[in-house]
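Chain by chain, the residues:
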Amino acid sequence: MTDARASGGGSQSTPPPVDEHARVEAAPGKGGGRPNGAGILGRVGEARHLGLVVALVLLAVVGLVTTPGSFATSSNLVSILALASTIGVITVGMTFVIIGGGIDLSVGAIMALASVWATTLATQSYGPWVMSICAILVGTGAGLLNGFLISYGRMVPFIATLAMLVAARGLAQRMSDRRTQLVQPDNNAIVELSTTRVLGLPLLVYIFAFVVIIGWIVLNRTTFGRRTYAVGGNPEAARLAGIDVRRHTMMLYALSGLCCGIAAVIIMARTTTGSSTHGDLYELDAIAAVIIGGTLLTGGRGTIIGSILGLLIFTLITNLFILNGLNTSDQLIAKGLIIVIAVLLQRRSLETRT
Amino acid sequence: MSDLLVMRGIVKQFPGVRALDGVDLDVRAGEVHCLLGQNGAGKSTLIKILAGAHRPDEGTITLGGEEVRFANPIAAIKSGISTIYQELDLVDGLSVAENIFLGHEQAAYGFTRRGEMNKEASKLLGRLGHGEIRPTREVGRLSSAGKQIVSMARALSHETRLIVMDEPSAALAHDEVGNLFRVIRDLTAQGVAVVYISHRLEEIREIGDRVTVLKDGRTAAVGLPARETPTSTVVSLMTGRDVEYVFPQRPAPGSHEGRPEVLKVEGLTVAGHFADVSFSVREGEIVGLAGLVGSGRSEIVEAVYGARRPSTGRVVLSGETVRTGSTTRSVRLGMGLAPEERKSQALLMNESVGRNITIAGLGRYARFGWVDRRAEREAADRLVKTLDIRPPDSRRPIRTLSGGNQQKAVFARWLVEGRKLLLLDEPTRGVDVGARAELYAVIRRLADEGVGVLLVSSEVPEVLGLADRVLVLREGKVIHQSDARDLDESRVLDMIMEGSAL
Ligand SMILES: Nc1ncnc2c1ncn2[C@@H]1O[C@H](COP(=O)(O)OP(=O)(O)OP(=O)(O)O)[C@@H](O)[C@H]1O
Ligand SMILES: [Mg+2]
């Protein structure tokens with residue numbers, strides 16, 4: 001009987017896929033689909049990032065035209081990248097959390113707390129390494145607590161991380177007495193991350209690049225990354241497929257906290273301080289960058305590259321407004337518009353996929 | 001007699017697949033018109049075009065003598081076509097009544113009139129033989145059969161001339177199908193036409209008037225008389241060859257006797273679903289669970305898998321106690337579950353076919369967490385081939401596959417080495433006649449290799465034909481247990497329905 005089926009199956013004609021080399025996979029679930037052969041799927045996927053790249057180029061052109069003297073200088077480009085590095089590292093963690101179906105509002109506050117903890121005189125007495133490790137541990141610990149409340153305490157991510165936002169800022173204020181804590185001259189090694197340059201770029205930009213690359217690898221090449229998509233896309237299916245959804249979710253928030261810890265090191269390097277006011281509203285920038293980058297807020301879909309492009313767009317806008325001497329209110333309005341446009345475009349690409 | 005609906009030369013091209021390639025369909029008022037075809041033949045695509053959910057690339061639709069063109073589903077509903085889709089499309093967070101009247105809420109001055117909606121909903125549910133479903137209940141808490149009934153009530157809530165039902169019986173048990181047929185007869189008596197899709201040929205005989213057969217996106221036969229056309233003719237029109245609807249050879253009765261027990265369930269109880277259930281599955285044995293929807297079948301399977309917390313009782317897999325609440329551990333111990341509802345419980349809709357297949361055993365293609373994508377792809381390709389999933393491309397997004405092919409992918413997930421016990425909850429839901437025989441063969445082959453299988457199916461002949469031993473359930477209790485060969489369909493039906501309203 002098996003044989004009958006097999007031979008029958010062989011002689012049967014299903015319409016063959018048009019393009020054998022179609023890289024559907026290159027566009028994980030992106031699938032805009034004009035009815036033109038499977039190959040287009042892959043191309044549309046790239047085209048989405050292409051849109052972001054085009055936007056970035058346009059902004060650069062605007063910069064060149066409006067402020068030809070100051071935009072294209074190496075010092076300006078370096079400051080753009082340095083600015084992007086801090087939120088960029090946070091954005092990587094945020095991308096994981098959002099793909100996994102959650103949200104983390106506490107990133108800015110956790111970063112502030114980590115920077116304060118690492119710059120207390122007690123911590124500083126152990127030297128720059130311990131300071132960095134302290135920042136990273138504090139970040140990871142706070143993230144782990146978020147994750148624990150969400151997965152095992154069954155709290156809604158929005159609420160759990162909102163509580164963490166408030167509490168972490170409060171704790172940071174308490175520890176620092178609302179004073180800005182300077183990095184001591186003995187620990188100047190931390191500050192050197194921003195002053196030492198390799199190939200013209202400060203070291204902290206390399207840290208950022210490193211985090212992005214590791215993030216990309218983890219998301220795309222490891223079981224952890226693949227399960228993140230599954231957990232965000234359909235948690236019940238993930239659970240029934242044997243994935244420990246709760247533990248995984250907890251890890252995602254811990255990862256986000258870890259990124260906040262790294263970001264704290266970067267902000268200490270850039271500002272030479274630890275402060276409870278660091279990272280104010282960073283959560284909004286990070287979430288916006290992730291969304292502009294094409295990650296679905298409902299989870300299950302998204303890319304690191306998209307998030308980083310989204311972040312660069314945001315940073316570039318800030319930079320252009322500053323260079324042109326425009327006020328920050330207009331800058332906020334522009335950013336708001338960009339989010340709306342990006343989400344509308346996303347919606348369109350979702351709709352055309354039927 | 002003039003036709004209510006005429007579809008001519010419908011063409012629909014998807015990326016890489018021509019789903020419909022010039023299909024014709026004629027439906028008369030007051031008839032039950034059956035649409036048959038293999039998985040991926042284009043049935044769902046055709047009815048989505050009719051429902052305004054897809055737009056055809058070519059072809060015309062004439063409804064009641066006028067040519068129509070539906071820009072969206074609302075336009076189709078307004079012209080009197082309502083549709084029950086193959087995949088449930090209810091909003092889990094809303095109540096039963098809210099779901100039924102979604103999009104056409106009964107409202108006054110912008111406020112919904114809950115009382116009236118609930119009353120209307122009750123009436124519709126009562127008509128479907130389910131007055132017991134409370135209209136205020138949240139839909140997410142219903143079983144999948146319950147959801148199916150709600151989406152039927154939704155279709156009935158519109159003024160309609162034509163109701164399209166895409167595999168409405170796939171989620172229903174025997175008695176439910178009876179209710180459904182009663183409703184269909186009511187409707188047709190009032191002159192409403194019904195387009196009915198099912199892979200169960202005996203249903204077509206019972207309810208159908210005429211049959212249209214699709215094959216590979218083309219019309220293979222139009223307007224065949226549903227009762228007179230021999231099954232063999234229908235099947236060979238669908239498949240282009242002869243398929244025998246047979247079950248694989250079973251080992252001799254009692255041949256499992258001495259073999260070790262893979263699964264032992266002792267006094268298992270989930271309050272409100274089933275009580276004090278004990279049984280075992282031996283190596284190489286297929287044990288079937290027969291019972292109505294709501295008899296606790298799926299809940300037993302989920303409790304065995306550790307996905308549902310039992311109130312009392314114990315589940316032992318090859319000597320190790322299964323910890324509840326940890327499906328991860330169950331999988332590690334060698335279990336696998338193909339759940340009942342593929343869309344909400346099994347599929348990752350954003351991902352490719354291949355990734356859907358490999359997600360459960362991702363660890364086996366990875367070293368230190370690093371996925372070997374080549375090994376993964378090869379495994380996926382092999383399974384796509386084994387189960388003849390179409391189109392045969394593991395990189396295609398799974399949401400573009402037909403329902404039956406998605407179902408095969410869910411099953412494929414567990415066709416990996418190292419499984420000791422497979423829990424199959426409606427494994428053939430939506431799978432066509434030919435592919436079904438193939439799935440049966442695969443399941444039997446697994447058993448012959450020593451895997452224990454626990455099979456749940458709403459189709460009694462499937463349980464009787466495939467299983468070695470059968471447990472009959474009624475209202476959460478095991479009321480009978482015996483070798484499958486000692487039972488026949490009518491006896492099992494008698495047992496499971498005894499004391500129920502029918
Ligand atoms: N959105 C889509 N994008 C690409 N291809 C699609 C899409 N929807 C359906 N297809 C393809 O169109 C063909 C017909 O699918 P359809 O769902 O109509 O089959 P079906 O007859 O309903 O099968 P089943 O009995 O399994 O439900 C299949 O080859 C399927 O893969
Ligand atoms: Mg279908």
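Residues numbered from 1 in each chain as written. Chains lettered and ligands numbered in written order. Predicted model: local features only at pLDDT ≥ 70, side-chain atom pairs only at ≥ 80, totals over all residues. Heavy atoms only, no water.

### Notes on the overall build of chain B
Each helix and strand in chain B was counted, giving 17 helices and 24 strands. Whereas a compact globule of 502 residues would reach a radius of gyration of roughly 23 Å, chain B reaches 23 Å, a difference of no more than 12%. Dimensions along the principal axes, computed over C-alpha positions, put chain B at roughly 70 × 50 × 50 Å. A separation of at least 24 residues holds for 67% of the contacts in chain B among residues at least 6 apart in sequence. With an accessible surface of roughly 19,400 Å², chain B has 48% of that area assigned to carbon and sulfur atoms. If you average the places of the 67 positive and of the 67 negative side-chain charges in chain B, the two averages end up 5 Å apart. (Helix = DSSP H or I, 4+ residues; strand = E, 2+ residues; numbered from the N terminus. Rg over C-alpha atoms; globule rule 2.2 N^0.38 Å. Contact = heavy atoms within 4.5 Å. Areas by Shrake-Rupley, 256 points an atom, 1.4 Å probe, with all protein chains shown as cover. Lys, Arg positive; Asp, Glu negative; His and termini not counted. Charge placed at Lys NZ, Arg CZ, Asp CG, Glu CD.)

### Details of the sheet that holds strand β6 (residues 81–84) of chain B
All names here are of chain B. Taking strand neighbours across the sheet as the criterion, the six strands line up as β6-β9-β10-β3-β11-β12 in an open arrangement whose pairing is mixed. Among the strands making up the open sheet, the edge pair consists of β6 and β12 (218–225). Ignoring which end each strand starts from, the neighbouring axes of this sheet average 15° apart. One ladder, built from five bridges, connects strand β9 (residues 162–166) with strand β10 (residues 193–197); its direction is parallel. (Pairing = 2+ DSSP bridges. Axes fitted to C-alpha atoms, helices over the stretch in contact; angles between N-to-C directions.)

### Some thoughts on the pairing of strand β11 (residues 210–215) of chain B
All names here are of chain B. With respect to burial, β11 is a largely interior element, five of its six residues being buried. Relative to β11, strand β3 (residues 32–37) is paired through five bridges, and the arrangement is parallel. Looking at β11, one finds that Leu36 is bridged to Val213. In the sheet, β11 pairs with β12 via five bridges, with the strands oriented antiparallel. When the sheet's bridge partners are listed, Arg210 is paired in β12 with Pro225. In textbook terms, the turn of a hairpin is the stretch between consecutive antiparallel strands, and for β11 and β12 this stretch comprises two residues, one of which, Asp216, has a positive phi near 45°. (Buried < 20%, exposed > 50% of the residue type's maximum accessible area, 1.4 Å probe, protein only.)

### Looking at the coordination of the magnesium ion (ligand 2)
Octahedral metals with six donors have ideal donor angles of 90 or 180 degrees. Tetrahedral metals with four donors have an ideal donor angle of 109.5 degrees. Residues and elements named next belong to chain B. Ligation of the magnesium ion (ligand 2) by protein atoms is provided by Ser44 (OG) and Gln86 (OE1), these donors lying 1.9 to 2.1 Å from the ion. Of this pair, Ser44 sits in helix α1 (residues 43–50) while Gln86 is found in the loop between β6 and α3 (96–100), placing the two residues 42 residues apart along the sequence. Both residues of the pair, Ser44 and Gln86, belong to the buried class. (Donors = N, O, S within 2.8 Å, 3.2 Å for Na, K, Ca; no water.)

### Some details on helix α5 (residues 144–156) of chain B
The end-to-end C-alpha distance of α5(B) is 19 Å, a good match for the 18 Å that 13 residues give at a rise of 1.5 Å each. The buried fraction of α5(B) amounts to 13 of the 13 residues, a majority that puts the element mostly inside the structure. (Expected span 1.5 Å × (residues − 1).)

### Digging into the packing of helix α10 (residues 223–233) of chain A against helix α12 (residues 245–271) of chain A
Residue and element names in this part refer to chain A. Two elements in contact, α10 and α12, have axes separated by 11 Å at closest approach and are oriented at 110°. Classed by the angle they form, the pair α10 and α12 counts as roughly perpendicular. Residues Phe224, Arg227, Thr228 and Val231 of α10 form the contact with α12, whose participating residues are Val245, His248, Thr249, Met251 and Leu252. A class-by-class count of the residues in the contact of α10 with α12 yields five nonpolar, three polar and one charged. (Parallel < 35°, antiparallel > 145°, perpendicular 65-115°, else oblique. Nonpolar A, V, L, I, M, F, W, Y, C, P; charged D, E, K, R; others polar.)

### What about the sheet that holds strand β2 (residues 17–28) of chain B?
Paired through backbone hydrogen bonds, the strands of a sheet run either parallel or antiparallel to each other. Residue and element names in this part refer to chain B. Strand order in the open sheet made by the four strands is β2-β1-β4-β5, with antiparallel pairing throughout. Across the chains shown, the open sheet's two edge strands, defined by having one partner strand only, are β2 and β5 (66–68). Between one strand and the next, the sheet's axes are offset by a mean angle of 25°, whatever the strand orientation. In terms of strand pairing, strand β4 (residues 58–63) meets β5 through three bridges, oriented antiparallel. Residue pairing in the sheet places Ile61 in a bridge with Val68 of β5. Most of the contacts of α1 go to strand β1 (residues 3–14), to which it runs at about 115°, and overall it touches β1, β2 and β4.

### Examining a negative patch on the surface
Residues and elements named next belong to chain B. Taken together, the side chains of Glu202, Glu206, Asp488, Glu489 and Asp494 present a region of like negative charge at the surface. At the level of secondary structure, the elements contributing two or more residues to the negative patch comprise α7 (201–207) and α17 (489–497). Structurally, Glu202 is set in helix α7. (Patch = residues over 30% accessible without salt bridge, like charges linked within 9 Å, V, L, I, M, F, W, Y side chains within 5 Å. Salt bridge = Lys/Arg side-chain N within 4 Å of Asp/Glu carboxyl O.)

### Thoughts on a nonpolar patch on the surface
Among the surface-exposed residues, Val53(A), Val57(A), Val61(A), Leu64(A) and Val65(A) lie close enough to one another that they form a single nonpolar patch of about 410 Å² accessible area. Looking at where Leu64(A) falls in the secondary structure, it is placed in helix α2 (residues 39–66).

### Here we look at the nonpolar core
If you look at the biggest cluster of nonpolar residues, it comprises 91 residues, and the most contacted ones within it are Leu263(B), Phe279(B), Val304(B), Tyr305(B), Leu421(B), Leu423(B) and Val470(B). For this core, the leading source of residues is helix α15 (residues 433–448) of chain B, giving seven residues. Residues contacting Leu263(B), with those up to four places away along its chain left out, are Phe279(B), Ser280(B), Val281(B), Val304(B), Val315(B), Val316(B), Leu317(B) and Leu421(B). Judged by nonpolar contacts, the second largest core, of 60 residues, contains Val92(A), Ala135(A), Leu204(A) and Ile308(A). (Core = buried A, V, L, I, M, F, W, Y, C linked by side-chain atoms within 4.5 Å.)

### Quick notes on the site of ligand 1
Residues and elements named next belong to chain B. Taken together, 20 residues sit near ligand 1, with Lys43, Ser44, Thr45, Thr400 and Gly404 positioned nearest. Here an oxygen atom of ligand 1 and a backbone polar atom of Ala41 are 3.3 Å apart. Interatomic distance of 2.8 Å between a side-chain N/O atom of His199 and an oxygen atom of ligand 1. For ligand 1, the protein covers 93% of the area, taking 630 Å² as the surface of the free molecule. Mapped onto the shell around ligand 1, the elements with two or more residues apiece are β2, α1 and α14 (403–412). Broken down by element, the shell around ligand 1 gets its largest block of residues, three residues, from α1. Across the shell around ligand 1, the residue classes tally to six nonpolar, twelve polar and two charged. (Near = heavy atom within 4 Å. Polar contact = N/O pair within 3.5 Å; in protein donor to acceptor, adjacent residues only side chain to side chain.)

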